[in-house]
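Working through the structure, step by step
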Amino acid sequence: MTAPAPKPWIMGIAPYIPGRSTTDDGRKVAKLSSNENPLGTSPAGREAFTSAAGRLERYPDASATELREALAERHELDPARIIYGNGSDEVLHLAAGAFAGPGDEVIYVRYGFAVYEIATRRVGATPVIAPDKDYATDVDAILAAVTERTKVVFVANPNNPTGTYSTREEIARLHAGLREDILLVLDHAYAEYIEGDAEDGGMALAARASNVLVTRTFSKMYGLAAERIGWGYAAAPIIEAMHRIRLPFSITIAGTAAAIAALNDRAFVEHTREHNARWRAWFSEEVGKLGNAGLRAVPSQANFVLVLFEGKLTAEAAYKGLMNAGYIVRWLPGQGLPHGLRITIGTEDETRGVMAALRELAGA
Ligand SMILES: *Cc1c(COP(=O)(O)O)cnc(C)c1O
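Below is a short write-up of the structure. (Residues numbered from 1 in each chain as written. Predicted model: local features only at pLDDT ≥ 70, side-chain atom pairs only at ≥ 80, totals over all residues. Heavy atoms only, no water.)

So, about the site of the ligand. If you check the shell around the ligand, you find Gly 87, Ser 88, Asp 89, Phe 113, Asn 160, Asp 187, Ala 189, Tyr 190, Thr 217, Ser 219, Lys 220 and Arg 228 and nothing else. A distance of 2.6 Å separates an oxygen atom of the ligand from a polar atom in the backbone of Ser 88. The contact in question runs from an oxygen atom of the ligand to an N or O atom on the side chain of Asn 160, over 2.7 Å. Look at the ligand: alone it shows 390 Å² of surface, and the protein chains cover 94% of it. Under a 2 Å grid-point criterion requiring more than half of the atoms, the pocket assigned to the ligand is the second largest pocket. (Near = heavy atom within 4 Å. Polar contact = N/O pair within 3.5 Å; in protein donor to acceptor, adjacent residues only side chain to side chain. Areas by Shrake-Rupley, 256 points an atom, 1.4 Å probe, with all protein chains shown as cover. 1 Å grid on protein atoms, 1.4 Å probe; cavity = no way out; pocket = protein on both sides within 12 Å on 5 of 7 lines; lining within 4 Å. Sits in = over half its atoms within 2 Å of the grid points.)

Here the focus is the pairing of strand E3 (residues 105-109). Of all the five residues making up E3, five are buried; the element is thus mostly covered by neighbouring parts of the structure. Judged by which residues are buried, E3 turns out to be covered on both faces: Glu 105, Ile 107 and Val 109 on one side and Val 106 and Tyr 108 on the other are all buried. Where E3 lies against strand E4 (residues 126-130), five bridges are found, and the strand directions are parallel. In the sheet register, Glu 105 faces E4, and the bridge partner there is Thr 126. Regarding topology, helix H5 (residues 114-122) serves as the crossover connection from E3 to the parallel E4, and that connection is right-handed. (Buried < 20%, exposed > 50% of the residue type's maximum accessible area, 1.4 Å probe, protein only. Helix = DSSP H or I, 4+ residues; strand = E, 2+ residues; numbered from the N terminus. Pairing = 2+ DSSP bridges. Right-handed = clockwise from strand over helix to strand, strands pointing away.)

Put simply, Asn 157 and Pro 158 share a cis peptide bond, and its omega is -5 degrees. For Pro 158, the position within the fold is in the loop between strand E5 (150-156) and helix H7 (168-177). For the bond running from Asn 160 to Pro 161, omega is 15 degrees, close enough to zero to count as cis. A positive phi angle, close to 45 degrees, is found at Asp 134, a residue other than glycine. Along the chain, the position of Asp 134 falls in the loop between E4 and helix H6 (139-145).

If you add up the space inside the largest pocket, you get close to 590 Å³. Lining the largest pocket are 27 residues, with Ile 17, Ala 114, Leu 332, Gly 334 and Gln 335 sitting closest to its centre. Elements that contribute at least two residues to the lining of the largest pocket include exactly E3, H5 and strand E12 (330-332). Class assignment of the residues belonging to the lining of the largest pocket gives a composition of 18 nonpolar, five polar and four charged. (Points joined across faces, edges and corners; volume = space filled by probe spheres on them. Nonpolar A, V, L, I, M, F, W, Y, C, P; charged D, E, K, R; others polar.)

Turning to helix H4 (residues 87-99), a few remarks are in order. An ideal rise of 1.5 Å per residue puts 18 Å on 13 residues; H4 measures up with 19 Å between its terminal C-alpha atoms. Residues of H4 that are buried include every one of Gly 87, Ser 88, Glu 90, Val 91, Leu 92, His 93, Leu 94, Ala 95 and Ala 96, and no others. (Expected span 1.5 Å × (residues − 1).)

Residue placement: Arg 342 occurs in strand E13 (residues 337-344). Residue contacts for Arg 342: discarding those within four places in its chain leaves Leu 32, Ser 33, Ser 34, Asn 35, Asn 160, Pro 161, Phe 304, Val 305, Leu 306, Val 329, Arg 330 and Leu 332. (Contact = heavy atoms within 4.5 Å.)

Another point: the nonpolar core. Counting residues in hydrophobic clusters, the biggest one holds 49 residues, and the most contacted among them are Leu 67, Phe 218 and Trp 231. The greatest single-element share of this core, amounting to five residues, is contributed by helix H10 (residues 253-263). When neighbours within four sequence positions are excluded, Trp 231 is seen to be in contact with Leu 71, His 75, Leu 77, Ile 82, Ile 83, Tyr 84, Val 91, Met 203, Val 214, Thr 215, Arg 216 and Phe 218. (Core = buried A, V, L, I, M, F, W, Y, C linked by side-chain atoms within 4.5 Å.)

Turning our eyes to something else, we now look at the sheet that holds E12. The four strands lie next to each other as E9-E10-E13-E12, forming an open sheet whose pairing is antiparallel. Edge positions in the sheet fall to strand E9 (295-297) and E12, since each of these pairs with one other strand and no more. With strand direction ignored, the average angle separating the axes of adjacent strands in the sheet is 30 degrees. Here strand E10 (residues 304-309) pairs with E13 via five bridges, running antiparallel. In the sheet register, Phe 304 faces E13, and the bridge partner there is Thr 344. Most of the contacts of helix H11 (residues 266-288) go to E10, to which it runs at about 5 degrees, and overall it touches E9, E10 and E13. (Axes fitted to C-alpha atoms, helices over the stretch in contact; angles between N-to-C directions.)

Another aspect to go through is a nonpolar patch on the surface. A surface patch of nonpolar side chains, amounting to about 290 Å² of accessible area, comprises Trp 9, Ile 10 and Met 11. Inspection of the secondary structure puts Trp 9 in helix H1 (residues 8-11). (Patch = residues over 30% accessible without salt bridge, like charges linked within 9 Å, V, L, I, M, F, W, Y side chains within 5 Å. Salt bridge = Lys/Arg side-chain N within 4 Å of Asp/Glu carboxyl O.)

Next comes the structure, spelled out in structure tokens:
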């Protein structure tokens with residue numbers, strides 16, 4: 001008997017592994033594995049979500065007019081050039097789907113976001129990995145990886161899982177060094193967490209260049225990961241191509257309502273930003289004190305810190321020890337980081353607690 005054969009490039013995809021929320025023995029403990037907002041969600045967003053319960057029989061507005069107008073107003077953009085999707089993950093898939101295919105190459109960095117590889121392989125394109133510079137994005141390495149087959153370059157800034165940040169100058173240099181027929185996707189999932197809210201100039205590039213797409217999400221800073229609302233901004237022809245392959249109703253009425261309300265709840269965003277900046281600095285400094293035990297915090301501008309284990313205590317042992325102590329973090333052997341743990345900045349209690357457990361494991 002023969003059976004339907006999946007395309008060979010589909011079978012080349014390693015399935016995405018989401019952050020866990022229970023321990024091996026099924027205990028529900030502090031989840032610091034998916035970079036969610038530890039302060040919850042905007043109260044205004046929650047209320048808007050609830051009030052959408054009266055409209056369940058209706059299809060959502062397929063053109064997401066209200067969401068695009070709210071985003072355009074907040075970020076001073078042209079609403080016609082905004083694309084949206086089921087999380088920014090869908091927008092990343094749309095970018096690969098519209099601009100790459102079999103025979104084409106897609107570049108991303110060595111310790112990059114797992115979705116880039118899936119989005120690339122899904123469309124039959126070939127992933128090309130640019131080496132890092134001590135875990136950070138190396139613009140020269142990306143430019144050196146470009147060939148005549150390159151169609152898309154994905155850069156998360158800040159990057160996940162490293163938390164590293166490329167300056168405005170570096171991003172401008174990257175863009176200037178790319179041919180105009182290569183789409184540069186700047187993934188701004190963590191842009192709101194950058195010190196001083198100083199994004200990398202990507203949005204201005206997307207506004208004026210013909211080959212830059214910036215993607216953003218409501219999943220992190222806005223605390224709406226459950227509702228899957230992401231969006232992107234680029235030149236009209238880029239957006240127009242992506243619309244053709246988008247699912248017609250990929251974002252929900254309740255999620256859209258929550259996103260618009262959350263977007264305008266600046267108090268919640270400010271509170272989250274301050275909380276994260278304070279505890280990210282504290283956590284990184286405390287990890288730094290465990291340098292004798294071989295621990296090192298990669299400098300982060302996101303809502304998580306990548307901790308490297310370069311001494312006697314291994315990342316795997318620390319991962320298991322933290323789980324026993326009630327903290328689920330992200331160990332990433334599948335992403336080339338068997339010696340690293342990505343730890344989300346949690347509440348004050350969670351952050352102090354995970355640090356205390358780390359100290360104990362390190363024998364400090
Ligand atoms: C979390 C994350 C996203 C977005 O996720 P969605 O929930 O799909 O919007 C995108 N890029 C990076 C680098 C992320 O870490």
